[in-house]
Amino acid sequence: MKIRVGMGFDVHALEEHRDFFLGGIKLASTKGAVGHSDADVLIHALCDALLGAANLRDIGHHFSNTDDKWKGMDSKFFLSEVTRLVREKGWAIGNVDCTVCLEQPKINPHIAAMKKTLAPLMAIDEDDVSIKATTNERLGYVGREEGVCAYAVVLLQQL
Ligand code: MG
């Protein structure tokens, strides 16, 4: 069976008094991510990993951040659409593994809810969705709480 891997990375700035959407859920936080859509950095990294594995360009190619159509958009829609595109090209999603780099809030208590939210959007089991969190040890833009970034790796299997 033919398989493909893909990797994705995304970063968004954090600002006070913004809603913070991460992994498809809204976190209680004094700061939130800034972006054209809902700025869900975890979903964006995941979309890029899936598109990369299927050789379908990147999230900006499909959902441009200069197109008003996507302004304030719920990123869960992007993940559903990307899943559809990947399937249309003949691939099934095997598993996904993500890492979020963030100082606060702690996301470990919310990982189960994120997995439960994201798995059905990709039509895979929750056990095939791994989400991990790390701080940046107070170093760099993540350490200064100026931004959040996420990495994702996915495996696709030929349908
Ligand atoms: Mg993004």
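Quick note: structure is the one above.
Below: a short report on this structure. None of these values were measured; they are calculated from a predicted model.

## Structural notes on the pairing of strand β7 (residues 147–158)
Pairing geometry for strand β1 (residues 3–16) and β7, over 11 bridges, is antiparallel. Opposite V5, over in β7, you have L155 as the bridge partner. In this structure, strand β5 (residues 91–101) lies alongside β7, joined through 10 bridges in antiparallel fashion. Directly across from D97, in β7, lies its bridge partner V153.

## Some thoughts on the packing of aromatic side chains
Tallying each qualifying case throughout the model produces seven aromatic pairs. A centroid spacing of 4.9 Å and a plane angle of 50° characterise the contact between F9 and Y151, whose relative ring orientation is tilted. With F9 in strand β1 and Y151 in strand β7, the pair connects residues that are 142 residues apart, well separated along the chain. Between F77 and F78, the aromatic rings sit 6.4 Å apart at their centres with planes inclined by 65°, giving edge-to-face as the arrangement. Grouping aromatic residues by their ring pairs yields a cluster made of F63, W70, F77 and F78.

## As for the coordination of the magnesium ion
Ideal values differ by geometry: the angle at a metal is 109.5 degrees with four tetrahedral donors, but 90 or 180 degrees with six octahedral donors. Those protein atoms acting as donors to the magnesium ion are D10 (OD), H12 (NE2) and H44 (ND1), and they sit at 2.1 to 2.2 Å. A residue is classified by how much of its surface remains accessible, and H44, at 7% relative accessible area, is buried.

## Comments concerning the environment of L51
Counting through the fold element by element, L51 comes out in helix α1 (residues 41–53). In the structure, L51 is positioned 11 residues away from H62 in sequence and 9.8 Å away in space, judged by C-alpha atoms. Setting aside residues no more than four positions away along its own chain, L51 makes contact with L56, R57, D58, I59, H62, V82 and L85.

## Topic: helix α3 (residues 75–88)
The terminal C-alpha atoms of α3 lie 20 Å apart, and with 14 residues this matches the ideal 20 Å at 1.5 Å per residue to within 8%. Within α3, the full set of buried residues consists of S75, F78, L79, V82, T83, L85 and V86. All buried residues of α3 fall inside an arc of 165° around its axis, so they share one side. For α3, the elements touching its buried residues are α1, α2 (59–62), β5, α4 (111–121) and β7. Capping the start of α3 is the job of one residue whose side-chain oxygen sits 2.9 Å from the backbone nitrogen of K76: D74.

## Comments concerning the pattern of salt bridges
Scanning the model with the defined rule gives nine salt bridges in all. For R84, the salt bridge goes to E81, with nearest N and O atoms at 2.8 Å. With a gap of three residues between them, R84 and E81 both fall in helix α3, about one helical turn apart. On the basis of relative accessibility, which here comes to 38%, the residue R84 falls in the partly exposed class. Residue E81 is classed as partly exposed on the basis of its relative accessible area of 21%. Within this structure, E81, R84 and E88 form a network of salt bridges that share partners.

Thresholds applied
- Residues numbered from 1 in each chain as written.
- Predicted model: local features only at pLDDT ≥ 70, side-chain atom pairs only at ≥ 80, totals over all residues.
- Heavy atoms only, no water.
- Pairing = 2+ DSSP bridges.
- Helix = DSSP H or I, 4+ residues; strand = E, 2+ residues; numbered from the N terminus.
- Phe/Tyr/Trp six-rings, centres within 6.5 Å; stacked < 30°, edge-to-face > 60°.
- Donors = N, O, S within 2.8 Å, 3.2 Å for Na, K, Ca; no water.
- Buried < 20%, exposed > 50% of the residue type's maximum accessible area, 1.4 Å probe, protein only.
- Contact = heavy atoms within 4.5 Å.
- Expected span 1.5 Å × (residues − 1).
- Arc of directions from axis to C-beta.
- Polar contact = N/O pair within 3.5 Å; in protein donor to acceptor, adjacent residues only side chain to side chain.
- Salt bridge = Lys/Arg side-chain N within 4 Å of Asp/Glu carboxyl O.

From the geometry alone we can't say anything about function, so treat these as descriptive.
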